[in-house]
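An overview of the molecular structure
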Amino acid sequence: MSIKRPPLFSPSRTVVIASHTFTQLVRMKVFYFLAFFAVVIIASNFLILPQFAPPETGATAVTENQLRMLKSAAMGTMKLFSIIFAIVSTALLLPKDVEDRTLYTILAKPVPRLDYLLGKLLGVLALIFVSLALMDLLMSGMLAVRANMVLASQMQLADQLGWSDSVRESIRSSVAMHGVTGSLQAGVFAIFLQSAVVASMALFISTFATSTLFTTITATLVYFIGNFQAEARDYWLASPDGGQTALAHFGALAMALVFPDFGLFNVIDTAIEGLVIPFSAIASLTGIAVLYTAIYTVFSWFVFSNKEF
Amino acid sequence: MPAESAVKIENLVKDFKTSREPLRAVDGVSLEIAAGEVYGLIGPNGSGKSTTMKALLGLVAPTSGSCSIFGRDSMKVDSRNDVGFLPENPYFYKHLTGAETIRFYGRLCGLRGKALVQRIEELLVLVGLEDARDRRLGGYSKGMLQRIGLAQALVQEPRLVILDEPTAGVDPLGSRQIRDLIFSLRARGITVFLCSHLLEQVQEVCDRVGIIFRGKMVKEGPLEELISIENQTEIILENAPPELIARLSAMIAAEPAATLVKTGRPRTTLERLFLREAAHQRDSETR
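Residues numbered from 1 in each chain as written. Chains lettered and ligands numbered in written order. Predicted model: local features only at pLDDT ≥ 70, side-chain atom pairs only at ≥ 80, totals over all residues.

**Describing the sheet that holds strand β6 (residues 83–86) of chain B**
All names here are of chain B. As a reminder, the rule being used: Strand pairing is defined by DSSP finding a minimum of two bridges between the two strands. Note on conventions: DSSP H or I runs of at least 4 residues are helices, E runs of at least 2 residues are strands, and numbering of each starts at the N terminus. For helices, the fitted axis covers only the stretch in contact; all axes are lines through C-alpha atoms, and the angles between them, taken along N-to-C directions, range from 0 to 180 degrees.
The strand order across the open sheet built from six strands is β6-β7-β8-β3-β9-β10, with neighbouring strands paired in mixed fashion. The open sheet has two edge strands with one neighbour each: β6 and β10 (216–222). Between one strand axis and the next, the sheet turns through 15° on average, direction left out of account. Relative to strand β7 (residues 160–164), β6 runs parallel, the two sharing four bridges.

Laid out in structure tokens, this is it:
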């Protein structure tokens, strides 16, 4: 049997570890529970009763509100679960392998440490991607059904009350804008990108953390700080003396470097509002997410490659 | 000793950082294991056995000194092509079945397709887990886990197998199976490097032994040389009448330089007694 000399990085070996990580996470019942919970939350949106408002005060506002509520709840849930998936699963996997000594048996094979790290990260990301895809499918299906129901009820109302063609057209346009759109899918993709950055950040923390709890808490804190770092950075840099003194300037820049600006990924609000997310915005977000993920992974590798077990 | 050693450790020193002063876990250990040999490293808990093994596997970096496997620096990944490792008290992934576990490790070693399927079957037979192949490891006993651990260690047909306390916590039957597996590895020319504090087992299977104490190698060499008492001779007789024993005793007494130290009946070991009774019981139940 001939075994090839292993290169620095092997995509096939990374895929083996990633697929195993995916299976491992799928077989953990906690993830079934979270997925089930997500489904329940999304499905509960069906229970929202249709609203009616006088046509002259805003027929389109009614349709928008109903569909916006559905999208907001669904995408909020998707975001919440993808972030929890990203932090908890990544924080759990590496220390568990060390604790159970399974890591010894893996690293005792011709497996470079980079392959192991990348495999773990990709496994987590695959799980998040699949989970989001399933939730997106469910949300889009529900939204399409809901949009048709709202449109039908509004048109029925329009017939009864004799609304003008321009009002009817306005309602149709509003429903189309708040239905299943490309921007909505782009918003879901932005959630995935954000989760990828969070997962790689949690992976980095777990390479030097002493416990799963520490990784989970620290990663959560970094995530929250990252959500507000843009405001804080702008405040410091724009304040009369803050931006001028070297220390404040350096502090603001250092914060911007250490904590990813998670606020950038909040384009889902645009999708919820039924507005268009330009392709350039998504391309730019993808670039930022790939950059952050790559930086965190390289940092993880630096720490992990010198780690002793 | 053949030109290419399976394992070569030269002046290995390993210090661990502590809050006070560095803790020296291994202090200038050197050893060499020839290809095909079964080598046992024995010593009390905390003597540096596991650290030596970890250094050999690249899991810890030597503070000074070097380790190599078949001539390759053990800190390099490619040195692990020829190594199988079974850690002490391994858990593995509980969500995988026995066959899936071997498949996972086989794929990590680059095995694919029919070769991998065939290897999985061979190993399951070798370690006697054919019936448990589709059972998840969460339901395996301690002995079964050790055996699946041995299977994963052997998946890429390594030339060197490193076993850290392979029978720790395993019952006598399971322990005997693992011992038999080590014998079969030796018969196939595979080098075995094992750590244990179960001295009787080391004595049974090892060709050479090293004794490590507080990080230092205090004694090392072929087992027979180390354990034989050079100025004593053992004669074991079967069906000898009492008259013969008396004559022999008289002859020895007549020789001033020799002293009869002990006569009596040799005893079996408790392990052999247990295994014989267990086998007897199993045979009577199958009849």
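**Some details on the sheet that holds strand β4 (residues 64–69) of chain B**
All names here are of chain B. Definition in use: For the purpose of contact definition, each residue receives a C-beta atom placed from its backbone, and two residues are in contact when these atoms lie within 7 Å.
Strand order in the open sheet formed by four strands is β2-β1-β4-β5, and the pairing between neighbours is antiparallel. Among the strands making up the open sheet, the edge pair consists of β2 (23–34) and β5 (72–73). By the bridge criterion, two bridges tie β4 to β5 in an arrangement that is antiparallel. Bridge pairing in β5 links serine 68 to aspartate 73. Each of β1 (5–16), β2 and β4 touches helix α1 (residues 49–56); the most contacted strand, β1, lies at about 115° to it.

**Quick word on the confidence of the model for chain B**
Residue and element names in this part refer to chain B. Cut-off, in case you're wondering: On a scale of 0 to 100, pLDDT captures the predictor's confidence in every residue.
When pLDDT is averaged along chain B, the result is 87; 96% of the residues meet or exceed 70. When the elements of chain B are averaged for pLDDT, helix α9 (residues 270–286) gives the smallest value, 71, and helix α2 (residues 98–108) the largest, 95. On the interface metric, ipTM, the complex scores 0.81, and its pTM is 0.83.

**Overview of the environment of Val15(A)**
Residue and element names in this part refer to chain A. This is how the line gets drawn: As a rule, residues whose C-beta atom has 12 or fewer other C-beta atoms within 10 Å are exposed, those with 20 or more are buried, and those in between are partly exposed; C-beta atoms are placed from the backbone.
Structurally, valine 15 can be placed in helix α1 (residues 11–26). Judged by local crowding, valine 15 falls into the partly exposed class, with 17 C-beta atoms found within 10 Å. Sequence spacing of valine 15 and valine 298 is 283 residues, and the spatial spacing of their C-alpha atoms is 18 Å.

**Brief notes about the interface of chain A and chain B**
This is how the line gets drawn: Any residue that is not Ala, Val, Leu, Ile, Met, Phe, Trp, Tyr, Cys, Pro, Asp, Glu, Lys or Arg is counted as polar, Gly included; the first ten are nonpolar and the last four charged.
Every contact between the two is made by 24 residues of chain A and, on the other side, 27 residues of chain B. Of all the elements in the fold, those that place two or more residues in the side of chain A that touches chain B are α1 and α4 (102–107) of chain A. Of the residues assigned to the side of chain A that touches chain B, the class counts are twelve nonpolar, four polar and eight charged.

**Looking at unusual backbone geometry**
Notably, Arg101(A) is not glycine yet its phi reads approximately 65°, a positive angle. With respect to the secondary-structure elements, Arg101(A) resides in the loop between α3 (55–99) and α4. Phi is positive for Arg214(B), which is not a glycine, with a value near 50°. Summarising the element assignment, Arg214(B) is placed in the loop between β9 (208–213) and β10.

**Details of the domain arrangement of chain B**
Cut-off, in case you're wondering: A domain assignment, automatic or from a database, supplies the domain bounds used here.
Along its sequence, chain B is organised into domain 1 (5–227) and domain 2 (242–286). For domain 1 of chain B versus domain 2 of chain B, the separation of C-alpha centres amounts to 35 Å.

**Notes on the nonpolar core**
Selection rule: Nonpolar cores are built from buried Ala, Val, Leu, Ile, Met, Phe, Trp, Tyr and Cys residues. These are joined into a set through C-beta atoms within 7 Å.
Within the largest apolar cluster, 144 residues are counted, with the highest numbers of intra-cluster contacts made by Val198(A), Ala202(A) and Ile162(B). A per-element tally of this core places helix α7 (residues 182–208) of chain A first, with 17 residues. In this structure Ala202(A) touches Ala86(A), Ile87(A), Thr90(A), Ala91(A), Thr215(A) and Ala219(A), once residues within four positions along its chain are discounted.

**Concerning the environment of Ala34(B)**
All names here are of chain B. Tracing the backbone shows alanine 34 in strand β2. The exposure class of alanine 34 is partly exposed, given the 16 C-beta atoms found within 10 Å. As for alanine 34 and valine 192, which are separated by 158 residues in sequence, their C-alpha atoms are 9.8 Å apart.

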